[in-house]
Amino acid sequence: MRDEYRGRLSHDGTVTAEVNGRLRWWTFAGGRANGVLSAALGHVAPELVDTASFSSLQLSLRSVASAAAVASAMRTARSRFGDDLAGIQPEVTAQALEKLKFSELLPPALARCSAQGGW
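1. Considering the pairing of strand β4 (residues 58-61)
Going residue by residue along β4, you find Q58 and S60 tucked away on one face and L59 and L61 tucked away on the opposite face as well. When strand β2 (residues 22-26) meets β4, the two strands line up antiparallel, connected through four bridges. Opposite L23, over in β4, you have L61 as the bridge partner.

2. Topic: unusual backbone geometry
Although it is not a glycine, F28 adopts a positive phi angle of roughly 55°. Backbone geometry at L85 places phi at a positive 60°, although glycine is not the residue there. Following the sequence through the fold, L85 ends up in the loop between α2 (67-81) and α3 (94-99).

3. Looking at helix α1 (residues 31-44)
The terminal C-alpha atoms of α1, which comprises 14 residues, lie 20 Å apart, in line with the 20 Å expected from a rise of 1.5 Å per residue. For α1, the set of buried residues is N34, G35, V36, L37, S38, A39, A40, L41 and V44.

4. Brief notes about the packing of α1 against α2
In contact at an axis separation of 9 Å, α1 and α2 are set at 95° when each is read in the N-to-C sense. The orientation of α1 relative to α2 falls into the category roughly perpendicular. Between α1 and α2, the residues in contact are L37, A40, L41, H43 and V44 and V70, A73, M74, T76, A77, R80 and F81, respectively. Of the residues contributing to the contact of α1 with α2, the split by class is nine nonpolar, two polar and one charged.

5. Quick look at the confidence of the model for the protein chain
On average, residues of the protein chain score 79 in pLDDT, and 66% of them are at 70 or above. Taken element by element, the protein chain is modelled with least confidence in α3, mean pLDDT 64, and with most confidence in α2, mean pLDDT 93.

6. A few points about the side chain of D50
The topology assignment puts D50 in strand β3 (residues 49-54). Beyond its immediate stretch of four places on either side in the chain, D50 contacts R22, S60, L61 and R62.

7. Overview of the nonpolar core
Side chains that are nonpolar tend, in soluble globular proteins, to be buried together. Counting 21 residues, the largest nonpolar core has W25, L41, L61, V70, M74, L85 and I88 as the members making the most contacts within it. Among the secondary structure elements, those contributing two or more residues to this core are β2, α1, β4 and α2. A per-element tally of this core places α1 first, with six residues. Ignoring anything within four residues of it in the chain, the contact list for L85 reads V36, L37, A40, M74, A77 and R78.

What counts as what
Residues numbered from 1 in each chain as written. Predicted model: local features only at pLDDT ≥ 70, side-chain atom pairs only at ≥ 80, totals over all residues. Heavy atoms only, no water. Buried < 20%, exposed > 50% of the residue type's maximum accessible area, 1.4 Å probe, protein only. Helix = DSSP H or I, 4+ residues; strand = E, 2+ residues; numbered from the N terminus. Pairing = 2+ DSSP bridges. Expected span 1.5 Å × (residues − 1). Axes fitted to C-alpha atoms, helices over the stretch in contact; angles between N-to-C directions. Parallel < 35°, antiparallel > 145°, perpendicular 65-115°, else oblique. Contact = heavy atoms within 4.5 Å. Nonpolar A, V, L, I, M, F, W, Y, C, P; charged D, E, K, R; others polar. pLDDT = per-residue confidence, 0-100. Core = buried A, V, L, I, M, F, W, Y, C linked by side-chain atoms within 4.5 Å.

Okay, here's the thing in structure tokens:
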């Protein structure tokens with residue numbers, strides 16, 4: 001993976017880079033963490049987030065986003081939701097619910113609770 005993502009890694013911070021015409025913030029933080037980051041940015045600077053799209057490696061940003069704008073938005077998010085962003089929950093989308101194991105067997109309310117980690 002290090003060779004494949006060499007241009008998207010930094011020892012000093014995270015990287016934003018355009019891939020296939022879309023701006024990505026390469027965090028390599030994991031899906032849940034990137035969901036929290038996307039939700040936090042969406043609350044404080046929705047103009048930076050590209051339709052709340054994220055994966056375990058990155059999250060999509062709009063082309064107007066700059067490293068400085070993302071850093072500023074994250075400072076605002078931390079002041080509003082806590083340094084660890086524990087005060088924010090990622091949105092549970094229909095797509096996320098469909099990806100749950102055995103989702104067809106779960107009532108929607110229980111699936112939503114499971115997806116938010118609220119057992």
